[in-house]
Amino acid sequence: MRQNTQDALFGRVIAITGASAGVGRATALAAARAGASLLLMARSQTALEAVADEARALGVRVHVAPLDVADAEAARQAAHAGEQALGPIDVWVNSAMVTVFSPIARLDPEEIAQVTRVTYLGSVHGALAALEVMRGRDRGVIVQVGSALAYRGIPLQAPYCAAKHAIRGFLDSLRAELIHEGCGVQVSEVHLPAVNTPQFNWARAHTSRRPQPVGEIHAPEVAAEAILTAARHPRREYWLGASTAQTIIGQTVAPQLMDRMMADMAWEGQFSDATFPPDYQDNLFATVEPPHRTEGRFSAGQRMAAPLIPGDLARVAAVAAGAAAFAGLGLLIGRLGRR
């Protein structure tokens, strides 16, 4: 496939964590089609080399850095090695994650700690590594792959939801500090809906049935294009898909109602009818080496398009709609009162 030489990412250097599968892999290949050079990071060298081969076939330069994002020094060294191999990093995408599907009562403390190390601290380490190489140039974009679950926790995924909430808090502080410094590095979050990734093939679970995404399922390529939109046009945050906007606004307006909805809908909705095979392996503490893929096992019916909404505009629209509703209610009450 020919590269798009008119794309704003053409010739840029993009670093991606969690690049071996799922959203990270889809983002790497979409960036390669845009003509960007790639620094690819994940735990499995075998899987990274496979992604690198696909990207090089599209005519771009690739540097592979096998690492665990829980290791801050490894992320830091990868950033410097990537710059030596490819040149200055323009965009850093944090996509690495692990999760555990389990009621809280059945979680082991070390499982919670591992999700925190990879999903939360891994993103912190990525941001710190990116800042170390970007700050001196006073430019660059850090794109955080977020989730609707960064705003609304759901049952059976407490460690993951907590990590996503924590990332959002960390980045709020980082943005404020960068503004205070007058630094040109920008930070953008892309909050995703349910996506058909292999995490549902290899996530640790303390349940009898295999987990599945909640709500409408989107293709990883849809998420990848949203992430690259944030790289090209960084805004504070983007919300991908109507369900993400509904979740975030619903949690803001009616959190108690959301508690009940999640209790009723998000429990059973996370279970498929499938049971775990006898040879099931999870990737919580070590990578799973069967073929890493972009898609998971839910291809049928997945959405290939979704609205991408800047979070600030969505909030303004929600407030305006609420104000209009209250104004309309006030007028109605006034008319009734005059009768």
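Above this note sits the structure.
Residues numbered from 1 in each chain as written. Predicted model: local features only at pLDDT ≥ 70, side-chain atom pairs only at ≥ 80, totals over all residues. Heavy atoms only, no water.

K.L.:
Outline the packing of helix 1 (residues 22-33) against helix 7 (residues 220-232), listing residues and values.
P.N.:
When two helices pack together, their arrangement is given by the angle between their axes and by how far apart the axes lie. Where helix 1 contacts helix 7, the two axes come as close as 8 Å, and the packing angle between them is 60°. Between helix 1 and helix 7, the angle is such that the two are oblique. Classified by chirality, the crossing of helix 7 by helix 1 is right-handed. Residues G22, V23, A26, T27, A30 and A31 of helix 1 pack against P220, E221, A223, A224, E225, I227 and L228 of helix 7. Here the contact of helix 1 with helix 7 is composed, by residue class, of nine nonpolar, two polar and two charged. (Axes fitted to C-alpha atoms, helices over the stretch in contact; angles between N-to-C directions. Helix = DSSP H or I, 4+ residues; strand = E, 2+ residues; numbered from the N terminus. Parallel < 35°, antiparallel > 145°, perpendicular 65-115°, else oblique. Left-handed = near helix turned anticlockwise from the far one by under 90°. Contact = heavy atoms within 4.5 Å. Nonpolar A, V, L, I, M, F, W, Y, C, P; charged D, E, K, R; others polar.)

K.L.:
Any chance you could break down the packing of aromatic side chains for me, citing the residues and the numbers?
P.N.:
The final tally for this structure, using the stated rule, is three aromatic pairs. Ring geometry for F200 versus F298: centroids 5.9 Å apart, planes at 85°, classification edge-to-face. Taken together, the positions of F200 in helix 6 (residues 199-202) and F298 in the loop between strand 13 (271-275) and strand 14 (308-310) put the pair 98 residues apart, joining distant regions of the chain. Residue class for F200 comes out buried when judged on its relative accessible area of 5%. When the centroid spacing of 4.8 Å and the interplanar angle of 75° are considered together, the rings of F276 and Y280 count as edge-to-face. An aromatic cluster is defined as three or more aromatic residues linked by ring pairs; in this entry it consists of F101, F200 and F298. (Phe/Tyr/Trp six-rings, centres within 6.5 Å; stacked < 30°, edge-to-face > 60°. Buried < 20%, exposed > 50% of the residue type's maximum accessible area, 1.4 Å probe, protein only.)

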